[in-house]
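An overview of the molecular structure
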Amino acid sequence: MPRSWSSSMAAVWAVLRKECRSEWRTRYGLNAALLFAVASLAAVSFSAGRLGERTDVLAALFWIVLLFATLASMSHAFVRETENRTMLLLRLVASPTEIALGKLLFNLVFLLVVEVAIVPLFMVLMSAPPPRWGSFLTVLGLGTVSLAASSTLVGAVIAQTRGRGALFAGVSLPLLLPVLAAAVSGTKAQWIGVGLDGEIRLLIAYAVALLGMSLLLYEHLWED
Amino acid sequence: MLWRWLIFIWIAAFMIAAFAWAPLVPVLEATTRVLYFHIPAAWVTVLALGWSMIHSALYLWKRDMRHDDQAAAAAELGLLFCVVATVSGSLWAKAMWGSYWNWDPRETSIFFVLLLYAAYLALRGSIEGEEKRARLSAVYSVIAFVAVPFLMFVVPRIYFSLHPEVIDLSRGKVDMDPRIRICFSGMLVGFTFLYFWLQSLKVRVTRLERRALVS
Amino acid sequence: MNSHDLTVLGVALLVWGLLFLWLLRIDKRVKDLEKQ
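Residues numbered from 1 in each chain as written. Chains lettered and ligands numbered in written order. Predicted model: local features only at pLDDT ≥ 70, side-chain atom pairs only at ≥ 80, totals over all residues.

Remarks on the overall build of chain C
The number of helices and strands found in chain C is one helix and zero strands. C-alpha extents for chain C along the principal axes are approximately 50 × 10 × 5 Å. By residue count, 0% of the 36 residues in chain C fall in the buried class. (Helix = DSSP H or I, 4+ residues; strand = E, 2+ residues; numbered from the N terminus. Buried ≥ 20, exposed ≤ 12 C-beta atoms within 10 Å, placed from the backbone.)

Topic: the overall build of chain B
If you tally the helices and strands in chain B, you get six helices and two strands. Overall, chain B shows an N-to-C arrangement of helices and strands of α-α-α-α-α-β-β-α. Against the compact-globule benchmark of 17 Å for 215 residues, chain B has a radius of gyration of 19 Å, which places it among compact chains. Seen through its principal axes, chain B has C-alpha atoms that stretch 60 × 45 × 30 Å. (Rg over C-alpha atoms; globule rule 2.2 N^0.38 Å.)

Things to note about unusual backbone geometry
For Ser-127 of chain A, which is not glycine, the phi dihedral falls at a positive 40°. In this structure, Ser-127 of chain A sits in the loop between helix H6 (96-125) and helix H7 (133-158). A residue is classified by how many C-beta atoms lie within 10 Å of it, and Ser-127 of chain A, with 13 of them, is partly exposed. Unlike most non-glycine residues, Arg-63 of chain B shows phi in positive territory, near 55°. Secondary-structure assignment places Arg-63 of chain B in the loop between helix H2 (35-62) and helix H3 (65-97).

As for the nonpolar core
In this structure, Val-65 and Leu-203 of chain A together with Ala-48, Leu-116, Tyr-117, Val-139 and Ala-144 of chain B are the most contacted members of the largest nonpolar core, which totals 123 residues. It is helix H5 (residues 130-158) of chain B that provides the largest number of residues to this core, a total of 14 residues. Here Val-139 of chain B is in contact with Val-157, Leu-217, His-220 and Leu-221 of chain A, once residues within four sequence places are set aside. (Core = buried A, V, L, I, M, F, W, Y, C linked by C-beta atoms within 7 Å. Contact = placed C-beta atoms within 7 Å.)

Some thoughts on the packing of helix H1 (residues 5-26) of chain A against H6 of chain A
Residues and elements named next belong to chain A. The interhelical angle for the contact between H1 and H6, taken along N-to-C directions, is 45°, at an axis separation of 8 Å. The angle between H1 and H6 places the two elements in the oblique class. Crossing hand, H1 versus H6: right-handed. Contacts from Ser-8, Ala-11, Val-12, Val-15, Leu-16, Glu-19 and Cys-20 in H1 reach Glu-98, Ile-99, Leu-101, Gly-102, Lys-103, Leu-105, Phe-106 and Val-109 in H6. The class makeup of the residues in the contact of H1 with H6 is ten nonpolar, two polar and three charged. (Axes fitted to C-alpha atoms, helices over the stretch in contact; angles between N-to-C directions. Parallel < 35°, antiparallel > 145°, perpendicular 65-115°, else oblique. Left-handed = near helix turned anticlockwise from the far one by under 90°. Nonpolar A, V, L, I, M, F, W, Y, C, P; charged D, E, K, R; others polar.)

Things to note about the arrangement of the chains
In this assembly two pairs of chains touch, with chains A and B having more contacts than any other pair. If you take every C-alpha in chain A and every C-alpha in chain C, the smallest gap between them is 32 Å, and the two do not touch.

Here's the deal with the interface of chain C and chain B
One widely used convention gives an interface's size as the accessible area the parts lose upon coming together. With 13 residues of chain C at the contact, the number on the chain B side is twelve residues. Per-class residue counts for the side of chain C that touches chain B are ten nonpolar, no polar and three charged.

Remarks on the interface of chain A and chain B
Listed by partner, the interface residues are 24 residues for chain A and 26 residues for chain B. Only H7, helix H8 (168-192) and helix H9 (197-217) of chain A provide two or more residues apiece to the side of chain A that touches chain B. Sort the elements by how many residues they give to the side of chain A that touches chain B and H9 of chain A lands first, with eight residues. Classifying every residue of the side of chain A that touches chain B by side-chain character gives 16 nonpolar, seven polar and one charged.

Quick notes on the confidence of the model for chain B
If pLDDT is low for a region, its predicted coordinates should not be looked at in detail. Per-residue confidence for chain B gives a mean pLDDT of 88, with 93% of residues at or over 70. Mean pLDDT values for the elements of chain B range from 52 in strand S1 (residues 167-168) of chain B up to 94 in H2 of chain B. (pLDDT = per-residue confidence, 0-100.)

A look at the environment of Asp-68 of chain B
All names here are of chain B. Assignment of secondary structure puts Asp-68 in helix H3. Along the sequence, Asp-68 and Trp-92 sit 24 residues apart, while their C-alpha atoms lie 36 Å from each other. With near-sequence residues (within four places) excluded, Asp-68 lies in contact with Tyr-59, Ala-134 and Ala-138.

Quick word on helix H1 (residues 2-20) of chain B
All names here are of chain B. In this model, H1 (19 residues) spans 27 Å end to end at C-alpha, consistent with the 27 Å of a helix rising 1.5 Å per residue. Of all the residues in H1, the buried ones are Ile-11, Phe-14, Met-15 and Ala-18. Buried residues of H1, seen end-on, are gathered within an arc of 105° and therefore sit on one face of the element. Residues of H1 that are exposed and point more than 90 degrees away from the buried face comprise Leu-2, Trp-5, Leu-6, Ile-9 and Ala-20. (Expected span 1.5 Å × (residues − 1). Arc of directions from axis to C-beta.)

Some words on the environment of Gly-10 of chain C
Note on placement: Gly-10 of chain C falls in helix H1 (residues 3-35). A count of 11 C-beta atoms within 10 Å places Gly-10 of chain C in the exposed class.

Quick look at the packing of H3 of chain B against helix H4 (residues 105-125) of chain B
All names here are of chain B. Where H3 contacts H4, the two axes come as close as 10 Å, and the packing angle between them is 150°. As summarised for this structure, H3 and H4 are arranged roughly antiparallel, according to the angle between their axes. The chirality of how H3 crosses H4 is left-handed. Packed against H3, whose contacting residues are Ala-72, Ala-75, Glu-76, Gly-78, Leu-79, Cys-82, Val-83, Ala-85, Thr-86 and Gly-89, the element H4 presents Ile-110, Val-113, Leu-114, Tyr-117, Ala-118, Tyr-120, Leu-121 and Arg-124 at the interface. Split by residue class, the contact of H3 with H4 holds 13 nonpolar, three polar and two charged.

In C-alpha cells, the structure reads:
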C-alpha cells in the first residue's frame, strides 16, 4: 500500500519506539551484549597482558570484541518477534520496509549504547594509547552503520530459518569481513599516525552499498 | 552433441599451445602456466556469482521457480570454481613465495568469497518450504554479491599485495606477449563455455529431482 | 619442451579428458531421464 512520506516516517518511528520499549523492559539483548563484551575483554586482557605499544594487536582485538559482542546479541530483534508470534501483528500495522527501517534504527541505537560502554572499558583494561578521536570515531561510526545494516537484513532472514539464532553469526560474519579488515587497518593507522583515507573511502562505499541494496530488498523479506 | 566435443578440443588445443608454443615470463618461469588455469577459474567464479545474483533479483521480481534453480546452481558452481582458483593460487604461492598461505590481500579476499557463498549454501539448507527458501536465499545472494566486487577488485588494489597484476585496469591495457595473450584469451573463452555447460546440466538435474519428488 | 613439461601436459590432458567423458555421461543420463 502506497502511503505518504510522513505516515511512513511515523510508522518507522513507532517501530523504533516499540523496539526500544520492549528492549528496555527486559534488557535481555543489551545485558547479553555487555556481559559478553566485558567477559571477553577481561579474558583477552589478562591472557594477553599489557599491549600498550602493540597497536596492531590492539586494533584487531578491539574490533573482534566489538563484532562478537554484537553478533552474539543482535539476531534477537527479529527472533523475538517470531518467538512471541508478534510478527503478524506488526505486519498488519506497518509495511516490510517500515518495519525493517525501524529495526535498523533500533540496531544503530543498540550498537551505540554497547560502544559507549565498550570503548572506555577497552582503553582502560588494555591500557591503550589515546586514539586520535576524530579518525577513530569516523572509523567506528562507519563500521557501526555497516554492522547495523547487515545485522538487520541477515537477522530478518535468519529469524525465518529452522535454527533461528544458530546461523546468524556464521551468515553475518562473511558479509562483515571486508568491514572488519578495513576498520582494523584504519584503527591501526590512526594509532600509528599515518593516513587512513583509503580505509575510510572503502568503509563509506561499503556502508552505502549495503544500505542501498538493503532498501531494495526489505520488501521481499516477508510474503504478503 | 557436437558443441560439447568442440569445447573439449578447444580447451585441449589451448593447453597444448600453452606448453608448446607460448613463451615463459622471465621471473615466473615454469609457473607462468598457472595463468591459463588460475585466472579463467577466477573469472568464472565472478561470472557464476554474478549469474546467481542476476537470477536471484529476477526471482524476487518475477517469482518464477526457474530463476531460483539457476541462482542455486550458479552459486554452487561459483563456489566450486572459487575453490579451484584458491587451490591453484595457493600452489603457485608455494612455488613463488615459499608458503601455501600467508594472508596476502588476494588470498584474504578470495577466502572471504569462499566463506560468503558457503554461508549461502548453509542458509539454503536451513530453510523449510520451497518458496520461502527461494525468496530468502535470493535476498542473501543479492546482498552477498555487494561484497564480491569489493573483495575481488577493490581491496587488492588498496592494500599492498605481492600478487602479479596481469590485467592492469587502471591503465586499461594488457601487458602480455601476444602468444601468451592468445592462449590466455582462448582459455577464458573455453572456461566460459564449460561453465555454461555445467550450469545447464546442474539446472536440469535439479528439475529432474523436483519431478521425482512430485511424482 | 623438455620431458618434465611433456609429463605435466600429458597428465593435464588426461585429467581433462576423463572429466570431459564423465560430464558427457551425465549429460546422456540426464537426457534419457528427461525423455521418460
